[in-house]
Amino acid sequence: MCNLYAMTGSQQAIRKAAGVVTDRTGNLAPLPDIWPNTMAPIVRNAPDGRELVMARWGMPTPPGYLQGRRVDRGVTNIRNPASTWWKRWEGADHRCLVPLTAFSEPERLPDGKSRAVWFTRGDDERLAFFAGIWCRWTSVRKMADGETTDDLFGFLTTTANREVGAIHPKAMPVILTRPEELDLWMTAPLGEALRLQRPLPDGSLRVVDARHGVGGT
């Protein structure tokens, strides 16, 4: 399950690739370590065209999983879009593109510990997008902050391809790399859009050193 990714490419590259009309992020600094419940850029549909905004990573947790807990740290990875909990946010007005330059999956080591293994695109490009959904939600995300209203996002997962499966066989994020895929996810009827819930072809990713491999455009 992907719970750490990076976005260190240029702001202009995001705007160009995703057809952003309005950028509300200001001066977007490189984000080499994006963890759950932190702020990150997303591209979403707006009445006057696509906009680039900051949102908090982690969609609302289904109530059945929150019994006895006041703090909701959110659901980062969405495997089952057929769930009635997610269906309310699957229309085009709640779909988003989540830009990334690398993502990590945990590798279990022989001593029982784990380490983050980083993946990037296997071609000369670095920028890609998770297929995401977003919503505006009022909850307690951090006890110290109390109840807040936030723009939240998460992204779909699917079966792992060869590269990710060697480290984390259960799943990988749904990653979009081609312009037609971005437009399809953001505009198509739901049944057509969900055909994108598939792994990248084998050979599309490469493992990189987290300290040196997350840059690029």
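Whatever comes next refers back to the structure up there.
Along each chain, numbering runs from 1 in the same order as the chain's sequence is written. Note on the predicted model: pLDDT of at least 70 is required for a residue's local features to be given, and 80 or more for side-chain atom pairs to be given and counted; whole-chain, interface and lining totals, by contrast, use all residues. Processing note: side-chain calculations cover all non-hydrogen atoms of the structure and skip hydrogens and water entirely.

A.B. asks: Would you mind going over the packing of aromatic side chains with me for this structure?
C.D. replies: Two numbers describe a pair of aromatic rings. These are the distance of the centres and the angle of the planes. In this scheme Phe, Tyr and Trp rings, the latter by its six-membered ring, pair at centre separations within 6.5 Å, and the angle between planes marks the pair as stacked below 30 degrees, edge-to-face above 60, and tilted otherwise. In this structure the tally under the stated criterion is 12 aromatic pairs. Each ring, one from F103 and one from F130, has its centre 6.3 Å from the other, and the planes form 75 degrees; the classification is edge-to-face. You can see F103 sitting in strand β8 (residues 102-108) and its partner F130 sitting in strand β10 (residues 128-142), a full 27 residues away along the chain. The pair F103 / F130 is uniform in exposure class, with both members buried. By way of ring pairs, the aromatic residues Y5, W57, F103, F119, F130, F153 and F155 are connected into one cluster. The ring centre of W85 lies 4.1 Å from the NZ or CZ of R88, which sits over that ring. Note on conventions: DSSP H or I runs of at least 4 residues are helices, E runs of at least 2 residues are strands, and numbering of each starts at the N terminus. Remark: exposure states derive from per-residue accessible area (1.4 Å probe, protein chains only) relative to the maximum for the residue type, with buried under 20%, exposed over 50%, and partly exposed in between. The rule for a charge over a ring is simple: NZ of Lys or CZ of Arg within 6 Å of the ring centre, and within 35 degrees of the ring normal.

A.B. asks: Sorry, what's going on with the side chain of H168 here?
C.D. replies: Summarising the element assignment, H168 is placed in the loop between α3 (162-165) and β12 (172-173). We classify H168 as buried; its relative accessible area is 14%. The contact criterion used is simple: two residues touch if any of their non-hydrogen atoms lie within 4.5 Å. Every residue in contact with H168, bar those within four places of it in the chain, is listed here: M1, E105, P106 and A160.

A.B. asks: Whenever I open this one, helix α4 (residues 179-187) confuses me. Can you help?
C.D. replies: Count 3.6 residues to each turn of an α-helix, and residues three or four apart come out pointing the same way. Residues of α4 that are buried: E181, L182, W185 and M186. Seen along its axis, α4 keeps its buried residues to an arc of 125 degrees; they face one direction. Opposite the buried face of α4, at more than 90 degrees from it, the exposed residues are P179 and T187. This arc corresponds to the set of directions leading from the helix axis out to the C-beta atoms.

A.B. asks: I keep staring at the side chain of D151 and nothing clicks. Help me out?
C.D. replies: Locating D151 in the fold gives a position in strand β11 (residues 146-158). Here D151 falls in the buried class, since its relative accessible area comes to 15%. Here a polar contact means two N or O atoms within 3.5 Å. Within protein one must be a hydrogen donor candidate and the other an acceptor candidate, and residues neighboring in sequence count only if both atoms are side-chain atoms. For D151, the side chain forms a polar contact with the side chain of R136, separated by 2.6 Å. Not counting the four nearest positions on each side in its chain, D151 is found in contact with R44, A55, R56, W134, C135 and R136.

A.B. asks: Would you take a moment to explain the sheet that holds strand β9 (residues 114-121) for this structure?
C.D. replies: To summarise the sheet geometry, strands pair through backbone hydrogen bonds and adopt either a parallel or an antiparallel arrangement. Each pair of strands is called paired provided DSSP finds at least two bridges between the two strands. Read across the open sheet, the five strands follow the order β3-β1-β8-β9-β14; overall the sheet is antiparallel. In this open sheet, the two strands that pair with only one neighbour each are β3 (31-34) and β14 (205-208). In this sheet, neighbouring strand axes are inclined to one another by 30 degrees on average, regardless of whether the strands run parallel or antiparallel. A fitted line through C-alpha atoms represents every axis, and for helices the fit uses only the stretch in contact; the resulting angles, taken between N-to-C directions, go from 0 to 180 degrees.

A.B. asks: How should I be thinking about the state of the cysteines in this particular structure?
C.D. replies: Each disulfide consists of one covalent bond between the sulfur atoms belonging to two cysteines. A pair of cysteine sulfur atoms is labelled a disulfide when the two atoms are within 2.5 Å. Throughout the structure, instances matching the rule amount to zero disulfides. Lacking any disulfide linkage, C2 is separated from the closest cysteine sulfur, that of C96, by 14 Å. C135 forms no disulfide, and the closest cysteine sulfur to it belongs to C96, at a distance of 10.0 Å.

A.B. asks: What is the right way to look at the pattern of salt bridges in this model?
C.D. replies: Any two side chains of opposite charge can pair if their charged atoms end up close together. What makes a salt bridge here is a side-chain nitrogen of Lys or Arg within 4 Å of a carboxyl oxygen of Asp or Glu, nothing more. Across all of its chains, the model carries 13 salt bridges by this definition. Among the salt bridges present, the one from R50 reaches D183, with a minimum N-O distance of 2.9 Å. Of this pair, R50 sits in the loop between β4 (39-44) and β5 (51-57) while D183 sits in helix α4; the two residues are 133 residues apart in sequence, bridging distant segments of the chain. Relative accessible area serves as the criterion here: at 38%, D183 is assigned to the partly exposed category. Put simply, R178 and E181 hold a salt bridge, and the shortest N to O gap is 3.3 Å. Of the residues examined, E181 reaches a relative accessible area of 7% and is grouped as buried. Within the structure, one salt-bridge network assembled from shared partners comprises R24, R44, E51, R136 and D151.

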